[in-house]
Amino acid sequence: MDPIKNPQSADGPANETMLTQLRGVRRGLLHLHKTLLDAERVRYERVNGRIEGGGVLLQLVIHDPWFGWLRPLSELVVQIDERLDAEEPTRVSDAKALLDQASALLRPSEGGDDVFQENYHAALQQSPDVVIAHREVTVLLHV
């Protein structure tokens, strides 16, 4: 396609539509992360007992391997934040790469080699809230 007729195919600054999509996906990923974290907290507490307070939960999320599978999602949100907050404009290629990365990450896999996708598959099977949050993000990704 001709970059002059379709400026989003060139690697110039992303237009407002693409930036709005990226911001929406970021919000959706944050909601999905919180939903997964809530579901994972319930699973953790069934095995290990009640987590007392947000500070303890934060330390567990950062340091305990139980929650480690959520880190790729956290890291993606940070990457989007960094790109959107950078002084230079977000380029089309950067925005597309982040959206593609989100699409690839949110592909659950029952028996795959990817720890995130395997745990994500299990969470989707166990929590209707995770299914709803997943759907919200995937709709934003395919606008």
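Draft legend 1. Broad picture of helix α2 (residues 54–63). Of the positions making up α2, those classed as buried are Leu-57, Leu-60 and Val-61. Taken around the axis of α2, the buried residues stretch over an arc of 100°, which confines them to a single face. Where α2 is buried, its residues meet α1 (16–48) and α3 (71–85).

Draft legend 2. Focus on the packing of aromatic side chains. All chains considered together, the criterion is met by four aromatic pairs. Ring centres of Tyr-44 and Phe-67 lie 5.4 Å apart, and the angle between their planes is 35°; on these two criteria the pair is classed as tilted. With Tyr-44 in helix α1 and Phe-67 in the loop between α2 and α3, the pair connects residues that are 23 residues apart, well separated along the chain. Between Trp-69 and Phe-116, the aromatic rings sit 5.5 Å apart at their centres with planes inclined by 45°, giving tilted as the arrangement. Taken together, the residues Trp-69 in the loop between α2 and α3 and Phe-116 in helix α5 (residues 115–126) connect sequence positions 47 residues apart. A relative accessible area of 6% means that Trp-69 is categorised as buried.

Draft legend 3. Region of interest: the nonpolar core. Judged by nonpolar contacts, the single largest core of 36 residues is most densely connected at Leu-29, Leu-32, Leu-36, Phe-67, Leu-106 and Tyr-120. Broken down by secondary-structure element, the contributors of at least two residues to this core are α1, α2, α3, α4 (92–105), α5 and α6 (128–141). With nine residues, the top contributor of residues to this core is α1. Leave out the neighbours within four places in its chain, and Leu-29 touches Leu-73, Leu-76, Val-77, Ile-80, Ala-102, Leu-106 and Val-137.

Draft legend 4. A look at the side chain of Arg-83. Locating Arg-83 in the fold gives a position in helix α3. Judged by relative accessible area, Arg-83 falls into the buried class, the value being 15%. Discounting residues that sit within four places of it in the chain, Arg-83 has contacts with Glu-88, Pro-89, Thr-90, Asp-94 and Leu-98.

Definitions and cut-offs
All chains use their own residue numbering, which begins from 1 and follows the written sequence. Owing to the predicted nature of the model, reporting of local features is limited to residues with pLDDT of at least 70; listing and counting of side-chain atom pairs is limited to 80 or more, with chain, interface and lining totals taken over all residues. Note that water and hydrogens are dropped before the side-chain values are worked out from all heavy atoms of the structure. Note on classification: 1.4 Å probe, protein chains only; a residue is buried when its accessible area is under 20% of the maximum for its type, exposed when over 50%, partly exposed between these limits. We count a stretch as a helix when DSSP gives it H or I for four or more residues in a row; a strand needs E for two or more, and each element gets its number in order from the N terminus. Arc definition: it is the arc formed by the directions from the helix axis to the C-beta atoms. The contact criterion used throughout is that any non-hydrogen atoms of two residues lie within 4.5 Å. When two rings of Phe, Tyr or Trp (its six-membered ring) have centres within 6.5 Å they constitute a pair, described as stacked for plane angles under 30 degrees, edge-to-face for angles over 60, and tilted for the intermediate range. Only buried Ala, Val, Leu, Ile, Met, Phe, Trp, Tyr and Cys residues count toward a nonpolar core, and they belong to the same one when joined by side-chain atoms within 4.5 Å.

In short, geometric facts, not functional conclusions.
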